[in-house]
Amino acid sequence: MRLYELILADYVNFDRNDEVLLNLGFNLSETGRPQEAEQRYLMLLDRFRRSRFAADAAVMLGDLYFDVVGNLAKARAQYEWAAKSSSARIQTYAVYKLAWCDFNVGNYEGAREKLQATVSMAEQQKNDRVFTDLKTESLSDLVRVFVELKRPADAVDYFKHHAPSERQVDLLIRLADGLQSGGFHEPAVGLYLQLITSHAVDRRMPMLHMAAIRSFEKLKQRDQVKTLASSLGRLLMPQSAWMKANHVDAALVLETLASSEESLRIVVT
C-alpha cells in the first residue's frame with residue numbers, strides 16, 4: 001500500500017493510476033480502513049469515470065456501504081450504476097446485490113424480481129464458475145423471499161424450471177421449513193405432504209413426516225397427526241420401501257429411528 005501511495009504521489013500522470021486506486025482501495029478495505037478505502041474508490045470514479053475499472057470500483061464501494069457502513073441508499077446508488085456496465089459479470093453481481101437492498105427494506109417483490117433476473121442472466125453464461133455460483137446463491141436466497149411473500153406454489157413452479165434436479169428437493173424442504181418457522185403452518189404442511197407423496201424413498205422422508213406432524217399439531221388437526229404418525233411407523237418397519245432403499249446407511253437408519261421414536265413419544269403424550 002505504501003508503494004501504491006508513492007505512485008499516486010510521485011507519478012500523477014501514470015496511465016495505470018486507475019488500477020492503482022482500485023487495488024489500493026481494496027487493500028485498505030481488507031485491512032480494516034473503510035474510510036480511506038472509500039476515498040480511493042471515489043477518487044477513481046471521479047477522475048477515471050470511463051476507466052475499465054470504474055464499474056469494479058462502484059461494486060466494491062457498494063459492498064463497502066452495504067456490508068461495513070450499513071448505508072443502503074449509498075450502496076444502491078453504486079450498484080445501480082454498476083448494473084449498467086457492459087461487463088456481464090459486474091452487471092449480474094450488481095443486480096444480485098440490488099435484490100438484497102430491496103430485501104433489507106422489506107421490498108420482497110422487488111427482491112424476487114431481481115433475484116430471478118440474476119438467475120436468468122447467469123443461465124445465459126455457460127460453464128462459468130462465477131455465474132454458476134451467483135445462480136446457486138440466488139436460488140437459495142429466493143427461498144427466504146418466497147417465504148416472506150407466502151407464495152409456496154410460485155416457488156415450487158419456479159424451482160421446477162430453474163433449479164438443477166438434484167437441488168430441487170433441498171430447496172423445497174428449506175421453503176417448507178421456513179414457512180413453518182414463520183408460523184405459516186397451512187402452506188408448510190401442504191408442501192411437506194407434497195414432498196412426502198412425490199419422494200417416497202428419499203433419505204429425509206421420516207424427517208418430513210415429523211415436520212408435517214409438528215405443523216398439524218400447531219393447527220390442532222389431531223386426526224392428521226394420528227394419520228401421519230401411523231404412516232411414519234409403517235415407514236420405519238424393516239420391510240418398508242424406505243427401509244429397503246436406505247438400509248445400507250446404518251448411521252442414517254439408527255439416527256432416524258431414535259429421532260422418530262422421540263417425536264412419536266411426544267405425540268402420544
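Just above, that's the structure.
Now for a look at the structure at hand. Everything quoted here is computed from the prediction, not taken from an experiment. (Residues numbered from 1 in each chain as written. Predicted model: local features only at pLDDT ≥ 70, side-chain atom pairs only at ≥ 80, totals over all residues. Heavy atoms only, no water.)

### Some thoughts on the overall build of the protein chain
Thinking step 1. Along its length, the protein chain carries 15 helices and zero strands.
Thinking step 2. A globule of 269 residues ought to have a C-alpha radius of gyration of about 18 Å, yet the protein chain, at 25 Å, is considerably larger.
Thinking step 3. Expressed along its principal axes, the backbone C-alpha trace of the protein chain runs to roughly 80 × 35 × 35 Å.
Thinking step 4. Across the 269 residues in the protein chain, those meeting the buried criterion constitute 43%.
Thinking step 5. Excluding contacts between residues fewer than 6 apart, the proportion of contacts in the protein chain whose partners are at least 24 apart in sequence is 50%.
Thinking step 6. In the form shown here, the protein chain has an accessible surface area of approximately 14,700 Å², with 51% of it arising from carbon and sulfur atoms.
Thinking step 7. Placing the 34 positive and 35 negative side-chain charges of the protein chain at their respective mean positions leaves the two points 3 Å apart. (Helix = DSSP H or I, 4+ residues; strand = E, 2+ residues; numbered from the N terminus. Rg over C-alpha atoms; globule rule 2.2 N^0.38 Å. Buried < 20%, exposed > 50% of the residue type's maximum accessible area, 1.4 Å probe, protein only. Contact = heavy atoms within 4.5 Å. Areas by Shrake-Rupley, 256 points an atom, 1.4 Å probe, with all protein chains shown as cover. Lys, Arg positive; Asp, Glu negative; His and termini not counted. Charge placed at Lys NZ, Arg CZ, Asp CG, Glu CD.)

### Describing unusual backbone geometry
Thinking step 1. Positive phi, normally seen in glycine, also occurs at K150, with a value near 55°.
Thinking step 2. We note that K220 has phi near 60°; this positive angle belongs to a residue other than glycine.
Thinking step 3. Following the sequence through the fold, K220 ends up in the loop between helix 12 (205-218) and helix 13 (222-235).
Thinking step 4. Residue K220 is classed as exposed on the basis of its relative accessible area of 60%.

### Quick look at helix 12
Thinking step 1. The end-to-end C-alpha separation of helix 12 is 20 Å, in line with the 20 Å expected for 14 residues at 1.5 Å each.
Thinking step 2. With ten of 14 residues buried, helix 12 is to be regarded as a mostly interior element.
Thinking step 3. Inspection of helix 12 places M205, P206, L208, H209, M210, A211, A212, I213, S215 and F216 among the buried residues, and these make up the whole buried set.
Thinking step 4. On its buried face, helix 12 sits against helix 10 (165-181), helix 11 (185-198), helix 13, helix 14 (241-246) and helix 15 (250-268). (Expected span 1.5 Å × (residues − 1).)

### Let's talk about the side chain of N246
Thinking step 1. Turning to its location among the elements, N246 is positioned in helix 14.
Thinking step 2. In this structure, N246 is in contact with V201, D202, R203, L252 and V253, ignoring residues within four places of it in sequence.

### Focus on the packing of helix 8 (residues 129-149) against helix 10
Thinking step 1. Two elements in contact, helix 8 and helix 10, have axes separated by 8 Å at closest approach and are oriented at 30°. Judged on the interaxial angle alone, helix 10 and helix 8 are roughly parallel. Considering only the axes of helix 8 and helix 10, their crossing is right-handed. Here helix 8 contributes T136, L139, S140, V143, F146 and V147 to the contact with helix 10, which in turn contributes R167, L171, R174, L175, G178 and L179.
Thinking step 2. A breakdown of the residues in the contact of helix 8 with helix 10 according to their chemical character gives seven nonpolar, three polar and two charged. (Axes fitted to C-alpha atoms, helices over the stretch in contact; angles between N-to-C directions. Parallel < 35°, antiparallel > 145°, perpendicular 65-115°, else oblique. Left-handed = near helix turned anticlockwise from the far one by under 90°. Nonpolar A, V, L, I, M, F, W, Y, C, P; charged D, E, K, R; others polar.)

### Topic: the pattern of salt bridges
Thinking step 1. For the structure on display, the rule yields 19 salt bridges.
Thinking step 2. In this structure, the salt-bridge partner of R40 is E5, at a minimum N-O distance of 2.4 Å. Of this pair, R40 sits in helix 3 (residues 34-47) while E5 is found in helix 1 (residues 2-10), placing the two residues 35 residues apart along the sequence.
Thinking step 3. Two residues, R16 and E19, come together in a salt bridge whose shortest N-O distance is 3.0 Å. (Salt bridge = Lys/Arg side-chain N within 4 Å of Asp/Glu carboxyl O.)

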